[in-house]
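# Structural description and commentary
Residue-level listing of the chains:
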Amino acid sequence: MLSSRAPSHAFSARAGRAPFGAVRPCYRARRQLHVARVADVNEAAFEEQVLKASTPVLVDFWAAWCGPCKLVAPLMDWAEKEYGGKLKVVKVEHDANPALIAKYKVYGLPTLIVFKEGQEVEGSKREGAVTKAMLQQYLTKNGIAK
Amino acid sequence: MMLRACPSATRPAACGRSSRSLVVVRASAEPTDSKNLEIMRKFSEQYAKRSNTYFCVDKSVTAVVIQGLAEHKDTLGAALCPCRHYDDKEAEATQGYWNCPCVPMRERKECHCMLFLTEDNDFAGREQTISMEEIKNGISGMR
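The rules behind the values
- Residues numbered from 1 in each chain as written.
- Chains lettered and ligands numbered in written order.
- Predicted model: local features only at pLDDT ≥ 70, side-chain atom pairs only at ≥ 80, totals over all residues.
- Heavy atoms only, no water.
- UniProt positions renumbered as here; feature names shortened; annotations may be inferred.
- Helix = DSSP H or I, 4+ residues; strand = E, 2+ residues; numbered from the N terminus.
- Buried < 20%, exposed > 50% of the residue type's maximum accessible area, 1.4 Å probe, protein only.
- Contact = heavy atoms within 4.5 Å.
- Areas by Shrake-Rupley, 256 points an atom, 1.4 Å probe, with all protein chains shown as cover.
- Axes fitted to C-alpha atoms, helices over the stretch in contact; angles between N-to-C directions.
- Parallel < 35°, antiparallel > 145°, perpendicular 65-115°, else oblique.
- Left-handed = near helix turned anticlockwise from the far one by under 90°.
- Nonpolar A, V, L, I, M, F, W, Y, C, P; charged D, E, K, R; others polar.

Chain B is annotated in an unreviewed UniProt entry as Ferredoxin-thioredoxin reductase catalytic chain, chloroplastic of Astrephomene gubernaculifera. Checking UniProt for chain B, the heading Catalytic activity (unreviewed entry) contains the comment "[thioredoxin]-disulfide + 2 reduced [2Fe-2S]-[ferredoxin] + 2 H(+) = [thioredoxin]-dithiol + 2 oxidized [2Fe-2S]-[ferredoxin]".

Per an unreviewed UniProt entry, the recorded name for chain A is Thioredoxin domain-containing protein, and the organism is Astrephomene gubernaculifera.

## What about the overall build of chain A?
Along its length, chain A carries 4 helices and 6 strands. When burial is assessed residue by residue, chain A has 49% of its 146 residues classed as buried. Sequence separation of at least 24 residues holds for 73% of the intrachain contacts in chain A that already meet a minimum separation of 6. Total accessible area on chain A stands at roughly 7,400 Å², and carbon and sulfur atoms take up 51% of it.

## Overview of the packing of helix α1 (residues 34–50) of chain B against helix α2 (residues 59–76) of chain B
All names here are of chain B. Two elements in contact, α1 and α2, have axes separated by 8 Å at closest approach and are oriented at 125 degrees. Considering the angle they form, α1 stands oblique to α2. Two packed elements cross with a definite hand, and for α1 against α2 that hand is right-handed. Of the residues in α2, those touching α1 at Asn36, Leu37, Ile39, Met40, Arg41 and Ser44 are Ile66, Gln67, Leu69, Ala70, Lys73 and Asp74. When its residues are assigned to classes, the contact of α1 with α2 shows 6 nonpolar, 3 polar and 3 charged.

Here is the structure:
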């Protein structure tokens with residue numbers, strides 16, 4: 001099916017004061033490498049890792065050459081560490097997992113969805129890049145506290 | 001550029017526990033279609049200037065998107081937005097809605113790839129240029 005609808009662009013120009021926390025880091029001097037610490041999950045493992053998880057799960061749907069996905073990746077690592085055992089974070093690459101993409105109607109990337117007790121938390125689907133502050137607000141809004 | 005340790009004819013046969021084996025490291029560049037990457041680099045600069053938008057303060061984001069556009073141009077013949085999922089990429093590339101610059105960008109300056117950012121966007125930098133070196137630095141380690 002051709003996607004003709006406009007994207008629900010979650011990123012607002014007014015949202016957040018600075019990317020990546022309170023201080024805007026300088027990117028000129030160092031190379032940004034994509035180092036993913038959270039686990040990549042595929043269709044075969046999704047039920048076990050996400051739907052049957054004992055804690056809430058934040059799922060990050062991403063694509064290889066998606067700039068905002070790269071921006072968000074370190075925040076996923078941060079969230080998993082910051083929320084300790086209260087939150088599990090996993091990533092799903094879109095091209096390799098079309099059934100999951102179709103099931104959860106993911107179009108724009110990155111898309112974040114929170115799952116609890118085997119279900120998608122209603123209203124938790126969010127497209128677009130987020131800052132750390134936005135991510136914290138998003139998790140709080142979806143019932144996940146530190 | 002990727003460095004690979006190669007088993008090489010220059011590696012001497014093992015001759016006891018105390019011997020040190022010689023590993024030859026060869027530098028090899030990952031294959032890239034530099035023509036479309038350069039085309040998309042130039043397009044991005046020109047369109048940013050024309051639309052009064054700016055690249056992301058983190059230029060590796062810009063670099064990644066330009067690479068994604070170039071890859072779609074290689075494989076589909078069109079610069080399909082790399083920040084979306086498509087049920088049928090070929091059909092989408094033919095239809096054109098999501099070919100860069102996509103309709104939301106053209107109509108409302110909405111680029112969810114964060115390639116073209118309006119001045120008031122928190123992630124917007126001050127630049128409308130990106131060199132090939134910056135692109136290659138931004139995408140290195142991701143292939």
